[in-house]
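# A structural walkthrough
One-letter residues, chain by chain:
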Amino acid sequence: MGSDQLSPLDQQILKLIANDARIPFLEVARACNVSGAAIHQRIQRLTNLGILKGTEYILDPEKIGYETCAYIGLYLKDPEQFDHVMDELKKIPEVVECHFTTGQYDMFIKIYARNNHHLLSIIHDKLQPLGLSRTETLVSFHEAIKRQIPIGNDDGQ
């Protein structure tokens, strides 16, 4: 189901809850001028369709001791080892994202480390033994933008 198949009410609901996942359903209902039951049913339907993937609390990594954020491009010695490497990456708690991408890398991951020394340890002790030929690391100094994808067609196109 694409955004063009979402009703205007669905789009309005998604905008409200994407902005504040803790907004009470009754407040969403008032803003949408429908009943609380209608909102509950719509949220359930959007969840069942896989449009909503749930709600979560978002931790601030820095405030819990993870001061270094890095993006690492992984080059596999043997590209047939994708599944094995993926299974092993899932066991490394500092790996918070993994993407299969086009371009030069076989995989691209995002990790959080306590500091640069910890980052080096993760690369050397946890990543290299997975069968990598090499890695390329980019350290993020600051996350300048993080937001949900826009709902609907707000730019008039």
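Residues numbered from 1 in each chain as written. Predicted model: local features only at pLDDT ≥ 70, side-chain atom pairs only at ≥ 80, totals over all residues. Heavy atoms only, no water.

## Description of the sheet that holds strand 3 (residues 107–113)
Taking strand neighbours across the sheet as the criterion, the 4 strands line up as 2-3-1-4 in an open arrangement whose pairing is antiparallel. Edge strands, defined here as strands with exactly one partner in the open sheet, are strand 2 (95–99) and strand 4 (132–140). Strand-to-strand twist of the sheet, defined as the mean angle between neighbouring strand axes without regard to direction, takes the value 20 degrees. Sheet topology places strand 2 next to strand 3; 4 bridges connect them, and they run antiparallel. Counted as the bridge partner of His 99 is Phe 108 from strand 3. Sitting on the sheet, helix 4 (residues 82–89) is in contact with strand 1 (68–76), strand 2 and strand 3, with an inclination near 15 degrees to strand 3. (Pairing = 2+ DSSP bridges. Helix = DSSP H or I, 4+ residues; strand = E, 2+ residues; numbered from the N terminus. Axes fitted to C-alpha atoms, helices over the stretch in contact; angles between N-to-C directions. Contact = heavy atoms within 4.5 Å.)

## Here's the deal with the packing of aromatic side chains
Counted under the stated rule, the structure contains 4 aromatic pairs. For the pair Phe 82 and Phe 100, a centre-to-centre distance of 5.3 Å together with 50 degrees between the ring planes defines the contact as tilted. Within this pair, whereas Phe 82 is found in helix 4, its partner Phe 100 is found in the loop between strand 2 and strand 3, the two being separated by 18 residues in sequence. For Phe 100, a relative accessible area of 54% corresponds to the exposed category. Among the aromatic side chains, those forming a connected cluster through ring pairs are Tyr 71, Tyr 75, Tyr 105 and Phe 108. Its end group placed over the ring of Tyr 75, Arg 134 keeps NZ or CZ at 4.0 Å from the ring centre. (Phe/Tyr/Trp six-rings, centres within 6.5 Å; stacked < 30°, edge-to-face > 60°. Buried < 20%, exposed > 50% of the residue type's maximum accessible area, 1.4 Å probe, protein only. Lys NZ or Arg CZ within 6 Å of the ring centre and 35° of its normal.)

## Brief notes about the packing of helix 2 (residues 25–32) against helix 3 (residues 36–48)
One can describe the packing of helix 2 onto helix 3 by two numbers: an axis separation of 8 Å at closest approach and a directional angle of 105 degrees. Comparing the axis directions of helix 2 and helix 3 gives the class roughly perpendicular. Across the interface between the two elements, Phe 25, Leu 26, Val 28, Ala 29 and Cys 32 from helix 2 touch Gly 36, Ile 39, His 40 and Ile 43 from helix 3. Residues of the contact of helix 2 with helix 3, tallied by class, amount to 7 nonpolar, 2 polar and no charged. (Parallel < 35°, antiparallel > 145°, perpendicular 65-115°, else oblique. Nonpolar A, V, L, I, M, F, W, Y, C, P; charged D, E, K, R; others polar.)

## Quick notes on helix 1 (residues 8–19)
The terminal C-alpha atoms of helix 1 lie 17 Å apart, and with 12 residues this matches the ideal 16 Å at 1.5 Å per residue to within 8%. Those residues of helix 1 lying buried are Leu 9, Asp 10, Gln 11, Ile 13, Leu 14 and Ile 17. Elements that come into contact with the buried residues of helix 1 comprise helix 2 and helix 3. (Expected span 1.5 Å × (residues − 1).)

## A look at the pattern of salt bridges
In the structure shown here, the tally under the stated rule is 6 salt bridges. The partner of Asp 10 in a salt bridge is Arg 42, and the shortest N-O contact between them spans 2.9 Å. Here Asp 10 is found in helix 1, whereas its partner Arg 42 is found in helix 3, with 32 residues between them in sequence. For Arg 42, a relative accessible area of 27% gives the class partly exposed. Across the pair Arg 45 and Asp 10 runs a salt bridge whose closest N-O atoms are separated by 3.3 Å. With a gap of 35 residues between them, Arg 45 in helix 3 and Asp 10 in helix 1 connect regions that are remote in the sequence. For Asp 10, a relative accessible area of 1% puts it in the buried group. (Salt bridge = Lys/Arg side-chain N within 4 Å of Asp/Glu carboxyl O.)

Function cannot be inferred from these measures alone, as they are strictly geometric.
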